[in-house]
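This is what each chain is made of:
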Amino acid sequence: LGEPSDDITLEVAGKTVSFYDPGAASEEEPKPVAQGTLTTASRQLLFFVPSGKPSPLYRVLVFPDDPQSFPMGSTRLLNLAKVPAIFRMGEHAIKVAPSRTVIAPMPRKVNKYNDFNLEIMLETEKGIYPVRQTRARAVKSKRDMAVVWIDPRTKRARVNLYTDIPPWTLPGNETPNP
């Protein structure tokens, strides 16, 4: 999670998107290193996660990325853990089931710098387990993504936070909203 990859080859057949390693040994039928199912949205976000299997190596999670599905100022909450995750963002407390995603609205309970408290916890059989506590900024000019996952090497919960400023929102790059 989080590191850029080498060049890959993309193939779309119907609603299935497949990625191939162009440097792999030639075979009669090359095997994809990642696969996913496209949505019907005009813009899509592809998020690669380890599959835990020898083939394909990665799953491609595909999310609608158009402004109606993922509005500016919101946060996409993604739970890749096997137990429910709780995201406390300002005045919001949102429970996300395992392998699910939720679009959270921008918190209104912020300080004078538009910062809000962000706490991420896992709900286990033994109770609530805190994973991360930080501050984040609530602004309409960006979108965020918070991903909770279990590191396969350490077996510990981790959180990756991503900020997205879509290129079509930047001055001079405007395109009609889909």
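As a reminder, the structure under discussion sits directly above these lines.
Presented here is a report on the structure given in the accompanying data block. On a predicted model such as this, the values are computed, not experimentally measured, just so you know.

## Some details on the overall build of the chain
In terms of regular secondary structure, the chain is built from zero helices and 13 strands. With 178 residues in all, the chain has 33% of them scored as buried. When contacts within the chain are restricted to residue pairs at least 6 apart in sequence, long-range pairs at least 24 apart make up 46% of them. Of the roughly 11,300 Å² of accessible surface on the chain, a fraction of 52% belongs to carbon and sulfur atoms.

## Brief notes about the side chain of Ser51
Looking at where Ser51 falls in the secondary structure, it is placed in the loop between strand 4 (44-50) and strand 5 (58-64). Taking relative accessible area as the criterion, Ser51 reaches 18% and is therefore assigned buried. Among the polar contacts made by the side chain of Ser51, one reaches the main-chain carbonyl oxygen of Pro56 at a distance of 2.5 Å.

## Some remarks on the packing of aromatic side chains
For the coordinates displayed, the defined rule picks out two aromatic pairs. Above the plane of the ring of Phe70 lies Arg76, whose end atom (NZ or CZ) is 4.3 Å from the centre.

## Comments concerning a nonpolar patch on the surface
Where nonpolar side chains cluster on the molecular surface, the patch consists of Phe48, Leu57 and Tyr58 and spans about 260 Å² of accessible area. Relative to the elements of secondary structure, Leu57 occurs in the loop between strand 4 and strand 5. When its relative accessible area of 43% is taken as the criterion, Leu57 is described as partly exposed.

## Some details on the pattern of salt bridges
Inspection of the entire model under this criterion finds seven salt bridges. Because the salt bridges share partners, they merge into one network encompassing Asp65, Arg143 and Asp164.

## Let's talk about unusual backbone geometry
A positive phi is found at Ser99, a non-glycine position, where the angle reads about 60°. For Ser99, a relative accessible area of 52% translates into the label exposed. Phi angles above zero are rare outside glycine, and Asn114 is one such case at about 70°. Tracing the sequence through the fold places Asn114 in the loop between strand 9 (100-104) and strand 10 (115-124). Judged by relative accessible area, which is 33%, Asn114 ranks as partly exposed.

## A closer look at the sheet that holds strand 13 (residues 157-164)
The strands that make up a sheet pair up through hydrogen bonds in the backbone, lying either parallel or antiparallel. Ordered by their spatial adjacency, four strands build an open sheet running 9-6-12-13, and the pairing between neighbours is mixed. Each having just a single partner strand, strand 9 and strand 13 make up the two edges of the open sheet. Taken over all neighbouring pairs, the strand axes of this sheet differ in orientation by 15° on average, direction set aside. Of the pairings in the sheet, the one linking strand 12 (residues 143-150) to strand 13 comprises eight bridges and is antiparallel in character. For Ala146, the partnering residue across the bridge sits in strand 13 and is Leu161.

What counts, and at which threshold
Residues numbered from 1 in each chain as written. Predicted model: local features only at pLDDT ≥ 70, side-chain atom pairs only at ≥ 80, totals over all residues. Heavy atoms only, no water. Helix = DSSP H or I, 4+ residues; strand = E, 2+ residues; numbered from the N terminus. Buried < 20%, exposed > 50% of the residue type's maximum accessible area, 1.4 Å probe, protein only. Contact = heavy atoms within 4.5 Å. Areas by Shrake-Rupley, 256 points an atom, 1.4 Å probe, with all protein chains shown as cover. Polar contact = N/O pair within 3.5 Å; in protein donor to acceptor, adjacent residues only side chain to side chain. Phe/Tyr/Trp six-rings, centres within 6.5 Å; stacked < 30°, edge-to-face > 60°. Lys NZ or Arg CZ within 6 Å of the ring centre and 35° of its normal. Patch = residues over 30% accessible without salt bridge, like charges linked within 9 Å, V, L, I, M, F, W, Y side chains within 5 Å. Salt bridge = Lys/Arg side-chain N within 4 Å of Asp/Glu carboxyl O. Pairing = 2+ DSSP bridges. Axes fitted to C-alpha atoms, helices over the stretch in contact; angles between N-to-C directions.

Note that all results are geometric; they support no functional claim without further evidence.
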